Amino acid sequence: MTGRSVSPGRASGLALVSPAPIGFYGGVDARTGVVIEVGHPLEGRSVAGTVLVFPCGKGSTVGSYVIYGLKKNGVAPCAIVTAEVETIVATGAILADIPCVDGIDIGGLRTGDRVEVDATAGTISVTDDHG
Amino acid sequence: MRLTAEQDLMMSGAHGSVLQRQMRLLARLGTVFGATEMVPIHSVQVSGVSYKSLGDPGLEFLEDLASQGARVRVATTLNPAGMDLHDWREMGVPADFAEKQLRIMAAFRALGISASPTCAPYLTGNVPRAGEHVAWAESSAVSYANSVLGARTNREGGPSALAAALCGCTPKHGLHLSENRQPHVVVEVAAKVTDNADFGALGYLVGKKVKNRVPYFRGLEVPRNDDLKALGAAMAASGAVALFHVEGVTPEAGDVDVEDLPAIVVPQEELDATYQALSSTEEAQLIVVGCPHASLSEIAVIAEKVRGRRLAAPLWICTARATKDEAVQLGLDEVIQAAGGRIVADTCMVVSPLERMGVDATAVTSGKAASYLPGFCSQRVLFRRLDDLLRGGGMPQ
């Protein structure tokens, strides 16, 4: 699938797919990488090391710093894939040097898929379809 | 994206990895929003200053930037901190919060940023002129800079404003371009809007209706700057209004074409009903004014109203440090303290840890504060005109 390069780099990992937007400020614990927003589809799951897939960011612009904090604490996703253009996530991914691609139809991705992200080219491919 | 030679050097890493990442951020955001070049900026207002909103990740980000030797290239001012930087103990701010807040301020100072935080920098020296390009965060200041001063800025977030300050430029799109500064809707004000709180109520209800469009107001009788400050702040909080025009008042109102625009009428009943809509309690423990930060003339008016009296509830007036200093010199601070009030500098009710300070019901005159206090500070809110609150309305007897 081809999207657009937001933050360059390459990574490969297992997809963690959220059908709902993610608000990093107050929604994800920067120390542990665990989603803490009550009632969120990913509540209690860790984003660490995953290819984190979600429609778009939401909430405060300070959320960019949470993404930076995840990276610094070693619990960041290895790559971020989003459907829509959105400044909070773009800003966080660039500041934290996390490969990030947007403009992807995320409906075709499932949690557990092995996904290769070439964020420099703006492409992703599923190398092992989970189930 | 066309870059100048200097911007290209930043992008290529010739000025180090910190600037490279910041420039890459601006270029990428610019591409996302359809900009083809950067515009040099004259000043920046950074949001995300209170420890309450930054948290530990924000604090660490700023300390990392500072330790890498980054410095801003243009005059840069800061949004309110989470406490009065001098009198935080008297305010009742927890010590663990204060320690983190002071570290944040030290990091900003190391970046070359003014450490006198205020949400109304245009009252204390950061005053762009008409047509000048700036990169401001803080939605109420964005609204004032665009609408009242005629300067040009998009609604920046905290991190993008900081990147603009470090690189000295911002992507040229949105409100930096004349074609995007035209109004989309006419607001006919058929209500009596005289008190400062009326402007907050009007802003709250118009912001909800127009969302992120540009409104053109008719029927407002020569509002004072403090009234436009209240109007714009409330519209930016309940909607995402970054620019408004007022017929016969604001600098660009005469240059725009309002023929054939859709119109909204605001009748008196709707304005009156907003006072109820913004209130969730009949009784408050604390009166707070100064959202956005109070001007010296607002403080002087309050001092005259409370002179020689004792208020039924404590009163905070939030303002910039420079304005408080002037109020002290004029003897206004003394008058307000004698009545049971306090001039609080550097902070405001919305970004302070009010909910950790034993306060759960607050009386305000600001449409913006009334919108944010329930969510940000777990407050029940009483929204009234200042005279009603100072008379003791809504206070425990």
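What counts and what doesn't
- Residues numbered from 1 in each chain as written.
- Chains lettered and ligands numbered in written order.
- Predicted model: local features only at pLDDT ≥ 70, side-chain atom pairs only at ≥ 80, totals over all residues.
- Heavy atoms only, no water.
- Helix = DSSP H or I, 4+ residues; strand = E, 2+ residues; numbered from the N terminus.
- Rg over C-alpha atoms; globule rule 2.2 N^0.38 Å.
- Buried < 20%, exposed > 50% of the residue type's maximum accessible area, 1.4 Å probe, protein only.
- Areas by Shrake-Rupley, 256 points an atom, 1.4 Å probe, with all protein chains shown as cover.
- Lys, Arg positive; Asp, Glu negative; His and termini not counted.
- Charge placed at Lys NZ, Arg CZ, Asp CG, Glu CD.
- Contact = heavy atoms within 4.5 Å.
- Buried area = accessible area lost by both parts, 1.4 Å probe.
- Salt bridge = Lys/Arg side-chain N within 4 Å of Asp/Glu carboxyl O.
- Polar contact = N/O pair within 3.5 Å; in protein donor to acceptor, adjacent residues only side chain to side chain.
- Nonpolar A, V, L, I, M, F, W, Y, C, P; charged D, E, K, R; others polar.
- Pairing = 2+ DSSP bridges.
- Axes fitted to C-alpha atoms, helices over the stretch in contact; angles between N-to-C directions.
- Core = buried A, V, L, I, M, F, W, Y, C linked by side-chain atoms within 4.5 Å.
- Right-handed = clockwise from strand over helix to strand, strands pointing away.
- Parallel < 35°, antiparallel > 145°, perpendicular 65-115°, else oblique.
- Expected span 1.5 Å × (residues − 1).

### Details of the overall build of chain A
Within chain A, the secondary structure is distributed over two helices and seven strands. Secondary structure elements of chain A, listed N to C terminal, follow the sequence β-β-β-α-β-α-β-β-β. Compactness check: chain A gives a C-alpha radius of gyration of 13 Å against a globular reference of 14 Å for 131 residues, within 12% of the reference. With the C-alpha coordinates of chain A rotated into their principal frame, the extents come out at 30 × 30 × 25 Å. Relative to its 131 residues, chain A shows a buried fraction of 53%. If you sum the accessible surface of chain A, you get close to 5,000 Å²; carbon and sulfur atoms cover 52% of it. Charge separation in chain A, taken as the distance between the mean sites of 9 positive and 13 negative side-chain charges, equals 6 Å.

### Overview of the interface of chain B and chain A
At the junction of the two partners, chain B supplies 23 residues and chain A supplies 22 residues. Contact with chain A buries surface across chain B, with Arg28, Phe61 and Pro159 of chain B losing the most and accounting together for 26% of the total. Linking aspartate 97 of chain A and arginine 24 of chain B is a salt bridge whose minimum nitrogen-to-oxygen distance equals 3.6 Å. At the junction of chain B with chain A, the criterion picks out eight residue pairs in polar contact (both at pLDDT 80 or more). For the side of chain B that touches chain A, the elements supplying multiple residues, two or more each, are α2 (17-32), α3 (51-67) and α7 (158-167) of chain B. The biggest single contributor to the side of chain B that touches chain A is α3 of chain B, with nine residues. The residue inventory of the side of chain B that touches chain A, partitioned by class, reads nine nonpolar, seven polar and seven charged.

### What about the sheet that holds strand β1 (residues 4-7) of chain A?
Strands in a sheet are paired, the pairing made by backbone hydrogen bonds, and the direction either parallel or antiparallel. Residues and elements named next belong to chain A. Spatially, β1-β5-β4-β3-β2-β6-β7 is the arrangement adopted by the seven strands of the open sheet, whose pairing is mixed. The open sheet terminates on both sides in strands that have one partner only, identified here as β1 and β7 (123-128). Neighbouring strand axes in the sheet, compared pairwise and without regard to direction, differ in orientation by 30 degrees on average. Taken together, the four bridges between strand β3 (residues 51-54) and strand β4 (residues 79-82) define a ladder with parallel strand orientation. Of the residues in β4, the one forming a bridge with phenylalanine 54 is threonine 82.

### Some remarks on unusual backbone geometry
Apart from glycine, the bulk of residues carry a negative phi angle, and the bulk of peptide bonds sit in the trans form. All names here are of chain B. Residue proline 292 follows cysteine 291 across a cis peptide bond; omega there is -10 degrees. Turning to its location among the elements, proline 292 is positioned in the loop between β10 (286-289) and α11 (296-306). Even without being a glycine, glutamate 138 presents a positive backbone phi close to 75 degrees. On the accessibility criterion, glutamate 138 (12% relative accessible area) is buried.

### Observations regarding the nonpolar core
Phe24 of chain A together with Leu202, Phe217 and Met349 of chain B are the most contacted members of the largest nonpolar core, which totals 138 residues. In terms of residue count, helix α8 (residues 196-210) of chain B provides more of this core than any other element does, eight residues in total. Sequence-distant contacts of methionine 349 of chain B, defined by excluding residues within four places in its chain, comprise Val288, Val289, Gly290, Cys291, Cys318, Leu354, Ala369, Leu373 and Cys377 of chain B. Within the second largest apolar cluster, 23 residues are counted, among which are Val289, Leu311, Leu332 and Leu390 of chain B.

### Some remarks on the pairing of β4 of chain A
Side-chain alternation along β4 of chain A places Ala79 and Val81 of chain A on one buried face and Ile80 and Thr82 of chain A on a second face that is also buried. Remark: the β3 of chain A/helix α1 (residues 63-72) of chain A/β4 of chain A crossover connection has right-handed handedness.

### Points about the pairing of strand β2 (residues 10-17) of chain A
Residues and elements named next belong to chain A. Strand direction decides the pairing type here: β2 and strand β6 (residues 114-118), joined by five bridges, are antiparallel. Within β6, the position partnered with leucine 14 by the bridge is arginine 114. Bridge count between β2 and β3: three bridges; the pairing is parallel. Within β3, the residue paired with valine 17 across the bridge is valine 53.

### Quick look at the packing of helix α9 (residues 225-238) of chain B against helix α14 (residues 367-377) of chain B
Residues and elements named next belong to chain B. α14 packs onto α9 with a crossing angle of 30 degrees between their chain directions and a minimal axis gap of 7 Å. Here α14 runs roughly parallel to α9, going by the angle between their axes. Counted together, Ala233, Ala234, Ala236 and Ala237 of α9 and Gly367, Lys368, Ser371 and Tyr372 of α14 form the full contact between these two elements. Looking at the contact of α9 with α14 residue by residue, the classes come out as five nonpolar, two polar and one charged.

### Some thoughts on the sheet that holds strand β7 (residues 215-218) of chain B
Residue and element names in this part refer to chain B. Strand order in the open sheet formed by four strands is β8-β7-β6-β9, with parallel pairing between adjacent strands. Either end of the sheet is taken by a strand with one partner, and the two such strands are β8 (245-246) and β9 (263-267). Bridging between β7 and β8 involves two bridges; their strand directions are parallel. Bridge pairing links tyrosine 216 to histidine 245 in β8. Running over the sheet, α8 touches β6 (185-190), β7 and β9 and is turned about 150 degrees from β9.

### Re the pattern of salt bridges
Going through the model one piece at a time under the given rule, you end up with 35 salt bridges over all chains. With its nearest N and O atoms 2.8 Å apart, the salt bridge here joins arginine 385 of chain B to aspartate 198 of chain B. Of this pair, arginine 385 of chain B sits in the loop between β14 (380-383) and α15 (386-390) while aspartate 198 of chain B is found in helix α8, placing the two residues 187 residues apart along the sequence. Relative accessible area serves as the criterion here: at 29%, arginine 385 of chain B is assigned to the partly exposed category. The class for aspartate 198 of chain B is buried, based on a relative accessible area of 0%. Taking the shortest distance from any N to any O, the salt bridge between lysine 209 of chain B and glutamate 270 of chain B comes out at 2.6 Å. You can see lysine 209 of chain B sitting in helix α8 and its partner glutamate 270 of chain B sitting in helix α10 (residues 268-277), a full 61 residues away along the chain. Accessibility expressed as a relative area gives 25% for glutamate 270 of chain B, which makes it partly exposed. Salt bridges sharing common partners tie together Arg31 and Lys72 of chain A together with Asp56, Glu60, Asp64 and Lys100 of chain B.

### Digging into helix α5 (residues 95-110) of chain B
All names here are of chain B. Spanning 16 residues, α5 covers 23 Å between terminal C-alpha atoms, matching the ideal 22 Å at 1.5 Å per step. Along α5, the residues that are buried comprise Phe97, Ala98, Lys100, Gln101, Ile104, Met105, Ala107 and Phe108. Glycine 112, located one to two residues past α5, shows a positive phi value of around 90 degrees.

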